[in-house]
Amino acid sequence: MKIAIATKDFTAVSGHAGQTRQWLVYDLSQHRASQLLPAPHRIDLEKEQVLHVFGDQETHPLDGVDIVVCASAGDGFIRHMKKRGAEVLLTGESDPALAITRILAGEALPDPRFDITTTLCKIRDLFSRH
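What counts, and at which threshold
- Residues numbered from 1 in each chain as written.
- Predicted model: local features only at pLDDT ≥ 70, side-chain atom pairs only at ≥ 80, totals over all residues.
- Heavy atoms only, no water.
- Helix = DSSP H or I, 4+ residues; strand = E, 2+ residues; numbered from the N terminus.
- Buried < 20%, exposed > 50% of the residue type's maximum accessible area, 1.4 Å probe, protein only.
- Contact = heavy atoms within 4.5 Å.
- Arc of directions from axis to C-beta.
- Salt bridge = Lys/Arg side-chain N within 4 Å of Asp/Glu carboxyl O.

Novice: Explain the overall build of the protein chain to me, using residue names and the numbers behind them.
Specialist: In terms of regular secondary structure, the protein chain is built from three helices and six strands. Reading the helices (α) and strands (β) of the protein chain from amino to carboxyl end gives β-β-β-β-β-α-β-α-α. When each of the 130 residues of the protein chain is scored for burial, the buried share is 42%. Sequence-distant contacts in the protein chain: of pairs separated by 6 or more residues, those separated by 24 or more amount to 53%.

This is the structure we're talking about:
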């Protein structure tokens, strides 16, 4: 299983996932419960690779992830990621490693905080191509 976390400067879980450029990808395919978390792979997207504008037909550096974790995302982003085979989890957790640890332990993530950009994205998504 691969989990991608939208981040701000690779340190904190970021909101507005469709515009996020810095991602941490944890490849947990070989991970066992008794092991420490593997170091994440850092992905720094180019402007034209942000998922809000990226086309569905092209390959993307985040292709192959099973779960996307972010603080906020619009419905269009969630639909877009579903088409790419990934489930989106929204959280108020700011620490990427703690979010991964909770997911692996089967614990619920804290609810996301209110983010005005999410409301704006929901309005924009009404007219989105995704």
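Novice: Mind laying out helix 1 (residues 75–83), listing which residues take part and the relevant values?
Specialist: Of the residues making up helix 1, those classed as buried are Gly76, Phe77, His80 and Met81. Summarising the axial view, the buried residues of helix 1 lie within an arc of 130°, below the 170-degree limit, and thus occupy one face. Note on helix 1: the residue one or two positions beyond its end, Gly85, has a positive phi of about 90°.

Novice: An account of the pattern of salt bridges is needed here, citing residue identities and associated values.
Specialist: Note that side chains of opposite charge can pair when their charged atoms are close. For the coordinates displayed, the defined rule picks out one salt bridge. Between Arg84 and Asp63 there is a salt bridge, and its shortest N-O distance comes to 2.9 Å. Here Arg84 is found in the loop between helix 1 and strand 6 (87–90), whereas its partner Asp63 is found in the loop between strand 4 (41–44) and strand 5 (67–70), with 21 residues between them in sequence. Among the residues examined, Asp63 registers a relative accessible area of 33% and is labelled partly exposed.

Novice: Could you give an account of unusual backbone geometry, naming the residues involved and the relevant values?
Specialist: The residue Asp9 is not glycine, and still its phi comes out positive at about 55°. A positive phi angle is found at Phe10, which is not glycine, with a value near 65°. Relative to the helices and strands, Phe10 is located in the loop between strand 1 (2–8) and strand 2 (12–13). Residue Phe10 is classed as buried on the basis of its relative accessible area, which comes to 16%.

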